[in-house]
Each structure stands twice: as C-alpha cells, then as structure tokens.
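# Analysis of the macromolecular model
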Amino acid sequence: MYLQFSKLQQYHSLVHFVSTRKGGVSASPFSEANLSYAVQDSAEAVAQNREAIARQVGFEVKQLCVPQQTHSANIRLIAETDAGQGAYNHHTGLADTDGMVTAESKVCMMVFSADCVLTLLYDHKKQVIGAVHGGWRGTTQQLAAKAALLMQQHFGSKAEDILVGIAPAIGLCCYEVGEEVAATFANSFAQATNYMKKNEQTGKYHLALQTATAGQLRNEGGILPQNIEILPQCTSCQSDLFFSSRKNNGLTGRFGAGIMLK
Ligand SMILES: [Zn+2]
C-alpha cells in the first residue's frame, strides 16, 4: 500500500510513491513493510518488501538508487550507472548522502523516513527529478531548497516548472525538541521561528518540519506556492500507518519515498 502526490500523478513519464508500513512481511517491531536494510530487520523480509512495492508501483528493484543517510547536507548528482546502488543491501548504498538529483531515466531514487521529511521534486518541462531526506538537521541546512537550486543551476530548470511533494512526517503536534535543538533551529534560517511553537505545559518547543521545508522551497528555492503539495499526516499520530521513530523509541522500520523517470 502506497500514497502518491496528486500534482505528480498526472505525468506519465514519471513513477513515484510514498510507501506506508502496511502490506509487507517484516515482523515486529519492523512490521509490516520496512524498506530499509539499515535497521536490524531480516534482510530477506526487506528484499520481499522492496519487491512488493516495486511491483505495485511499476519499477524494478535493480533500478533503485538508495543512499546511506547520515543527516548530512550532501546532495549527489546521480548517473545512469548509479542504478542498483543500495538496491539489495545497505553497504552498496551511496555513502553519506541525503539528497539526490538526476535527469537520467530508469533510476529510481528512494529516501527513507521514520518521522523525517521526505521531499520529491520534478521539473516537468526539462525532465529532472530530486529526492531529499531531512530531519531537523537537514531542515536547518535547507536541503530540499538546495536540491531545487541544484536542479536550476546544473540542469537549467526554471523554478516555476518544478513541482514538489512533501511526504508525511512528524507534525508540530508531536515533534517536541530540547533547548539546544530549538536554539539551533531558530538561528538557522530566516523566519525559522514561524515554524516553532512553545508547549506551555512542558516549556519546550515543537517544530513544524514539513511547513518549514515548504517555506524554504518558496523563499530560497523559488518554488511557486501552488506547486508544493504536502501530505499532512503526522507519522507519530498515525504510527499504525507510518513508521515513527519518536513513537516507537527509535526501534522501528522505515517507509520510503521514491521517484523515477521512465
Ligand atoms: Zn502528531
């Protein structure tokens, strides 16, 4: 079972998805559809789950290009020969990478989350795509906006031609952070405080990573507001449907968001 962005769905040259935790074969605490080899799930289960999502969505597992995410600010330009990197295990994944951009077809770039923000980008005129993973660190680095800028600088994409989908992530309702993270976040980009709210009961701040990402895409990336679609589900509130690290105390699987030019 997977979700799609209505803004991207209409393009037949594109394959994309946001997976859920439903429908796979992994056992607890990775049940059911964990897509990541980086957690302590059975490799056989992950392979079966990847086969299932590939079959449903319409790509091949060998076309996957998967990063070893490290909450870095690194975005890689993906070549045709990167198809298959990390497709069948963790160690062949792209080292120290949290964003990918390409104009190559038949490479399905997939990023993972259990609360973090996954962003898919698509220039429907020039046929350029991007996939980005960002937690609070990636958000302070404005990683999704940087991917949009890389599409413009490297491939000549026009900002107004780029469509963006932001997958379900932990919401303002649940994402409480400590003082240090709150202070770092507040100072990391203009208007950051618009995406923070103090919980008067605990005295701690909550962050809104999805809308912060959207704001950065508008302000720094030049993306038109009407071209940004957010799937608003909170992964922690809906941990029956999505993996949530916060809700499950760090021991859980990963759902994925993937994008490929046919
Ligand atoms: Zn929530």
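So, a few notes on the structure that sits alongside this text. It should be emphasised that the depicted structure is a prediction, and the values quoted were computed from it without experimental measurement.

### Details of the packing of aromatic side chains
Per the counting criterion, the structure on display carries five aromatic pairs. Taken together, a centroid distance of 5.5 Å and an interplanar angle of 85° make the contact between Phe185 and Phe189 edge-to-face. With respect to class, Phe185 is no different from Phe189; both count as buried. Residues Phe189 and Tyr195 carry aromatic rings whose centres are separated by 6.2 Å and whose planes lie at 25° to one another, so their mutual orientation is stacked. An aromatic cluster of three or more residues is present, and its members are Phe185, Phe189 and Tyr195.

### Thoughts on empty space enclosed by the protein
The final tally for this structure, using the stated rule, is two cavities of 30 Å³ or more. The calculated volume of the largest cavity comes to roughly 80 Å³. Lining the largest cavity, in full, are Met1, Ser19, Lys22, Gly23, Gly24, Ala33, Asn49, Ala52, Ile53 and Gln56. Here the element with the most residues in the lining of the largest cavity is helix H2 (residues 43–57); it accounts for four residues. In the lining of the largest cavity, the residues fall into four nonpolar, five polar and one charged. If you trace the second largest cavity, you find it lined by Val117, Thr119, Val132, His133, Gly134, Gly138, Thr139, Gln142, Leu143, Ala144, Thr213 and Gln216.

Calculation notes
- The numbering scheme is per chain: residues are counted from 1 as the chain's sequence reads.
- The predicted nature of this model means local features are confined to residues of pLDDT at least 70 and side-chain atom pairs, given and counted, to a pLDDT of 80 or more, with totals for whole chains, interfaces and linings taken over all residues.
- Only hydrogens and water are removed before side-chain values are computed, so all heavy atoms of the structure are retained for them.
- Two rings from Phe, Tyr or Trp (for Trp, the six-membered ring) form a pair when their centres are within 6.5 Å of each other. A pair whose planes differ by under 30 degrees is stacked, one over 60 is edge-to-face, and the rest are tilted.
- Only protein chains enter the accessibility calculation, which uses a 1.4 Å probe; a residue whose area is less than 20% of its type maximum is buried, one above 50% is exposed, and one in between is partly exposed.
- Detection works on a 1 Å grid of protein atoms alone, calling trapped sets that fit a 1.4 Å probe cavities and calling open sets with protein on both sides within 12 Å along at least five of seven lines pockets, with lining residues defined by an atom within 4 Å of a point.
- Grid points are joined across faces, edges and corners, and a volume is the space filled by probe spheres set on the points.
- Under the scheme used here, helices are H or I runs from DSSP no shorter than 4 residues and strands are E runs no shorter than 2 residues, and both carry numbers assigned from the N terminus.
- Any residue outside Ala, Val, Leu, Ile, Met, Phe, Trp, Tyr, Cys, Pro, Asp, Glu, Lys and Arg is labelled polar, Gly included; the first ten of those are nonpolar and the last four are charged.

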